[in-house]
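Each chain, letter by letter, is given below.
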Amino acid sequence: VVVAGFFWWSHQGLRTLRLRRKKLMAVPFPEEWRHFLEVNVPLFNRLPRELKEQVQGHTQILLEEKNFEGHDGLEMTDEIRITIAGQASFLLLNQKGFFPDTLRSVIVYPSAYKARTVKPGVGGLYTESEQTVLGQSWDAGVVVLAWDNTRHSAANPNDGHNLVLHEFAHQLDQASGAADGAPILRSRDRYAEWRKALSQTYKDFMEDTDQGRKTVMDDYGATNPAEFFAVATETFFEKPRQLKKKRPELYGELCTYYHTDPLKWAE
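1. Some points on the sheet that holds strand S5 (residues 135-138)
Next up, step 1: Strand order in the open sheet formed by four strands is S1-S2-S6-S5, with mixed pairing between adjacent strands. Every other strand in the sheet has two partners, leaving strand S1 (67-70) and S5 as the edge strands with one partner each. Between one strand axis and the next, the sheet turns by 15° as a mean value, whatever way the strands run.
Next up, step 2: Pairing between strand S2 (residues 105-109) and strand S6 (residues 142-146): five bridges, direction parallel. Its bridge partner being in S6, valine 108 is matched across the sheet by leucine 145.

Right, dumping it as structure tokens:
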């Protein structure tokens, strides 16, 4: 009885959540907020009307459900919140799902900040160090961003660098557990195709970067499969034509996963 009651409440909770999100998607988007997207996120202006409405709706859900915090003296404003949430919403286009429920907070620093990192060493030992970073995605449900780079990377929608898309892509990856470049897919049979396309592309990408050959994606993607997925996501949305030409199999998998084709937005 207790188990049955648990599932009933879980079902009811999920139903309530979906209804609330549906209502938020339909709430009129403030004109000032739209202005922030049009000016700060040029990529938004490429979207057809239907997708713009989706971005606006998902933005309102993110603002309602997630906590946005300014650190190191940064005052949190609507402009900061809209600019970040609006870009993150690109990852949700045409999808029924959302970011993992574990995502709770978005922390924003004025600029690059110091962060402690722990890396595995020899003999099972770990080493700690402090380094300056622009953004992070924690599996504890926190995204950390530098505001100046957030604006800068969004301002040029053609360079393949977008801090928000990168870090929120990590959140999608981490929804399946460890960040390993394999996010949750809709069906089991998709995983074989995903692994085949990404593993070969990652291998080729590693060889290209090792040999110093020019690549369409940032070399940082060669760090590990998780970073490869995040960098591929940035490139997919900002340099779709180049990515499709260079890595058509990877582009096709990302079109399927993100349920959109950026090359069609201008049609």
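2. Focus: the pairing of S2
Next up, step 1: Across the five residues of S2, five count as buried, placing the element largely inside the fold.
Next up, step 2: Residues Ser105, Ile107 and Tyr109 line one face of S2 and the alternating positions Val106 and Val108 line the opposite face, and both faces are buried.
Next up, step 3: With four bridges joining them, S1 and S2 adopt parallel strand pairing. Counted as the bridge partner of asparagine 67 is serine 105 from S2.
Next up, step 4: Handedness of the S1-helix H4 (residues 78-88)-S2 crossover: left-handed.

Thresholds, definitions, all that
- Residues numbered from 1 in each chain as written.
- Predicted model: local features only at pLDDT ≥ 70, side-chain atom pairs only at ≥ 80, totals over all residues.
- Heavy atoms only, no water.
- Pairing = 2+ DSSP bridges.
- Helix = DSSP H or I, 4+ residues; strand = E, 2+ residues; numbered from the N terminus.
- Axes fitted to C-alpha atoms, helices over the stretch in contact; angles between N-to-C directions.
- Buried < 20%, exposed > 50% of the residue type's maximum accessible area, 1.4 Å probe, protein only.
- Right-handed = clockwise from strand over helix to strand, strands pointing away.

Fair warning: the whole summary comes from geometry, so function is off the table for now.
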